[in-house]
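Structure assessment
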Number of protein chains: 2
Amino acid sequence: MNALLNETHDAAQQSWVTSANDGISDFPIQNLPIAIFRRASSAEKFRGGVAIGEQILDIPAAQICGIFSDLALAAATAASGESLNALMTLSTAHWSAFRLALSRALRAGSGHEAKLAACLVPQSEAQFSLPARIGDYTDFYTSLHHATNVGKLFRPDNPLLPNYKWVPIGYHGRASSIRVSGQILPRPIGQTMPPNATVPNFGPSKRMDYEVELGLFIGGGNALGASIPIAEAEQHLFGVCLLNDWSARDIQGWEYQPLGPFLSKSFATTISPWIVMTEALAPFRAAFTRDGEDPAPLPYLDSPTNQAHGAFNIKITAAIETATMRAANLSAAPLSTTTYARAAYWTPAQLIAHHTVNGCNLQPGDLLGTGTLSGPSLAESGALIEITGGGKNPITLPNGETRTFLEDGDAVSFSATCEKAGAVRIGFGRCWGRVAAHDSRVI
Amino acid sequence: MNALLNETHDAAQQSWVTSANDGISDFPIQNLPIAIFRRASSAEKFRGGVAIGEQILDIPAAQICGIFSDLALAAATAASGESLNALMTLSTAHWSAFRLALSRALRAGSGHEAKLAACLVPQSEAQFSLPARIGDYTDFYTSLHHATNVGKLFRPDNPLLPNYKWVPIGYHGRASSIRVSGQILPRPIGQTMPPNATVPNFGPSKRMDYEVELGLFIGGGNALGASIPIAEAEQHLFGVCLLNDWSARDIQGWEYQPLGPFLSKSFATTISPWIVMTEALAPFRAAFTRDGEDPAPLPYLDSPTNQAHGAFNIKITAAIETATMRAANLSAAPLSTTTYARAAYWTPAQLIAHHTVNGCNLQPGDLLGTGTLSGPSLAESGALIEITGGGKNPITLPNGETRTFLEDGDAVSFSATCEKAGAVRIGFGRCWGRVAAHDSRVI
């Protein structure tokens, strides 16, 4: 028995919200992810909601119904405002009590159906906002395969740098341009240096790309000057969402040395509205793995717990829908499917321990991106730059269109699931964004 | 006559706060910088205050005295809270009206002395907080001399990268660890790779350094997807402070490729409490200069106004006080003196235009660092790594101590002045921080 499991994971539980029980919903009663929402086109205040089947349980409304007490009540109160930062400031004990109270109230036979039915809002009628005020956003680079694939394109003679297997490489990202799923992003304009040119070009990016990532929301955090030891690091992982780190490769190639990506990324980042809380992922944990030739992590990045189940089996699929496909009402075409535990060289606990080892303070609501989660095979590549070999090998979509990089009107969506024998499949909802023409920009 | 000048710059003006009139104060009536303060060790709320001589004019108190009306009143109201973000959200017209009202109320013979005297708090009795909630912090790299000097140390065969004279190089910095002057920073711990080693070291940094920078606070800002044209960029420059970008060079050298500095910087950044508003700098503007061999800026980075007076003559001095000097009551020893306009290859307007050209949104309270402002000579170098040639040439302090990098107990302070014939000298106050032993960290 996995010691991380409790009654909220019980595969036998079903919900009185019957759309949660169909075996294909992302949101069975074992999941219970949280978002900030309101009814679309309404003047309602944004507030916390928990997904169950095709519905959202309105947290402040459910609180009035009296389903929360003690730690769960404190959590529900903290989840009733316009962001989840207050909830993220609480502890794992609060988050666990909150999930337990939700599980008990929403399960079939709970006796709460009559009063809670009025607290449900259909997801199809909801509008979402960012789940938290993101103080700082850090993007990591945890896939060895991505680092190697992209390294070959940017530095053919030196693809994987010598620090990679020792240092969880990361950089600060732009927080102000993160938006929730549904983002429409004008193609960015900027400087690029064409091969063999001596003067840069200035104009819309010609190599627009997406990057398949997970977003890790920080709960708790540490004081400036303190560090979070790896053994405690997961107590500071509130939950996980999907993240698209849109990238303008031609701008990136010209600007990134020596201080890293800047305008090639800062124009937009899209995350899914739903945060799957860490506890919900307990059945889908995986051992931390290394090849025999890889060095052991330095002690501050190593712990028995991290070795045993520091990784997560989250399978993420990216799909594209072009303007032509949309006009013809064709469904989105898959681009790749990748699995976090297989792609990532570093676990969330290692990222948190590394980020804070120098005394840097993480705060509730901070967001860590995993970096592009490319697996070892081409079919597991999390970005077009890898799939197309730097734009040299176009892909053909089911309707006959071809792509090297994204065209105006192309929408990219990510979805993700966790599946395991004996556990109920859970999902992450959707992270969707569309590239628009550069002249659609606000002037 | 400089068209940017108005009666607040009139060199003949004196204040009824006589300590402002001594010709050596950083804060004559022509300056009027703003901070967030309260009386030290009090339970008072933090609020806006304006420096005049050795005093602070308490803005909410002064507002009650009725010295503000119209736009100035809106500005004073916005400056009465616990951060200046609301003030920064307003316009240049508001900031200018605010300065004018302050200048008229504080000048000798204003008739306001009797009622405003009770609104003064001595700076010696004040405690400061960060002037704004900093949403995002971006650090640039605007000194060609620093880029070349440091480039030689990190990449001997390739010091100045080919993008430098085209792209205002910058990267996202960590906002959560920025503190106001007075910061005591535990020496960070981290990974380093000693020369010829094959396994990294883990321990306290041995190459602690400071970086002389200016901090540029954003006012106004732009919507995501919009850009700020260079001709309008300075309308979004609220004001300027001093900034110390503390750096752990050994951690930096090992971690920075390929995504830029991360833990080598994120443990601490110190800024001065006073923001000198852009209008106060009008007498000290300088032409944007290029060597004959430098390429003309791309059109989005070029404007006649920027050419004519896009730079600022701000002279910054860095000084060190060791624990031994402090114990012996010796004054701090100067390390270098550098001038912004002489050191910087890019102006603030160019940084703002570049940052937003891709549609990235700047928000009121965002902070841009200029990057280390090293001038062309060794005596104008803004970091120990340059002054000591990467630690190879120790400097000898007046009391006989030597330094390559900073030792525990070393305090570094920056001060800055603007001076010009016919104008009254203005200053920036002080940006001070002290390195503490690594085991002083919060655990």
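1. Topic: the sheet that holds strand S21 (residues 333–339) of chain B
Residues and elements named next belong to chain B. Ordered by their spatial adjacency, five strands build an open sheet running S9-S26-S25-S20-S21, and the pairing between neighbours is mixed. Where the open sheet ends on each side, the last strands, each with one partner, are strand S9 (183–186) and S21. In this sheet, neighbouring strand axes are inclined to one another by 20 degrees on average, regardless of whether the strands run parallel or antiparallel. Pairing of strand S20 (residues 315–321) with strand S25 (residues 411–418) involves seven bridges; the strand directions are antiparallel. Looking at S25, one finds that Lys315 is bridged to Thr417.

2. Considerations on the relation of the copies chain A and chain B
Of the transformation placing chain A onto chain B, the axial shift is 0.0 Å and the rotation is 180 degrees, giving an RMSD of 0.0 Å. With respect to symmetry, the two chain copies, as superposed, fit the operation of a two-fold axis. Considering only C-alpha atoms, the residue of chain A closest to the rotation axis is A:Gly260, which sits at 2.2 Å. Same-surface contact between copies: 100% of interface residues of chain A are shared with the interface of chain B.

3. Describing the sheet that holds strand S5 (residues 126–129) of chain A
All names here are of chain A. Pairing in this open sheet of five strands is antiparallel, and the strands run S4-S3-S2-S1-S5 from one edge to the other. In the strand order of this sheet, the two ends are held by strand S4 (120–122) and S5, each with one partner. Adjacent strand axes in the sheet meet at a mean angle of 50 degrees when their direction is disregarded. Along the sheet, helix H4 (residues 92–106) makes contact with strand S1 (34–39), strand S2 (47–52) and strand S3 (55–58), crossing S2 at roughly 55 degrees.

4. A closer look at the packing of helix H2 (residues 70–78) of chain A against H4(A)
All names here are of chain A. Contact geometry of H2 with H4 gives a least axis separation of 7 Å together with a crossing angle of 95 degrees. Judged on the interaxial angle alone, H4 and H2 are roughly perpendicular. Packed against H2, whose contacting residues are Leu71, Ala72, Ala74, Ala75 and Ala76, the element H4 presents Ala93, His94, Ala97, Phe98 and Ala101 at the interface. Here the contact of H2 with H4 is built from residues that sort into nine nonpolar, one polar and no charged.

5. Observations concerning the interface of chain A and chain B
Chain A puts 61 residues into the contact, and the matching count from chain B is 61 residues. Carbon and sulfur atoms make up 62% of the surface buried where chain A meets chain B, a total of about 5,700 Å² over both sides. Taken together, the connections running from chain A to chain B amount to four salt bridges. A salt bridge links A:Arg174 to B:Asp366, with the nearest nitrogen and oxygen atoms 2.7 Å apart. Mapped onto the side of chain A that touches chain B, the elements with two or more residues apiece are strand S6 (137–140), strand S7 (170–173), strand S9 (183–186), strand S10 (189–192), helix H7 (249–255) and helix H11 (348–356) of chain A. Top contributing element to the side of chain A that touches chain B by residue count: S7(A), with four residues.

Conventions adopted
- Residues numbered from 1 in each chain as written.
- Chains lettered and ligands numbered in written order.
- Predicted model: local features only at pLDDT ≥ 70, side-chain atom pairs only at ≥ 80, totals over all residues.
- Heavy atoms only, no water.
- Pairing = 2+ DSSP bridges.
- Helix = DSSP H or I, 4+ residues; strand = E, 2+ residues; numbered from the N terminus.
- Axes fitted to C-alpha atoms, helices over the stretch in contact; angles between N-to-C directions.
- Least-squares fit on C-alpha atoms with pLDDT ≥ 70 in both.
- Contact = heavy atoms within 4.5 Å.
- Parallel < 35°, antiparallel > 145°, perpendicular 65-115°, else oblique.
- Nonpolar A, V, L, I, M, F, W, Y, C, P; charged D, E, K, R; others polar.
- Buried area = accessible area lost by both parts, 1.4 Å probe.
- Salt bridge = Lys/Arg side-chain N within 4 Å of Asp/Glu carboxyl O.

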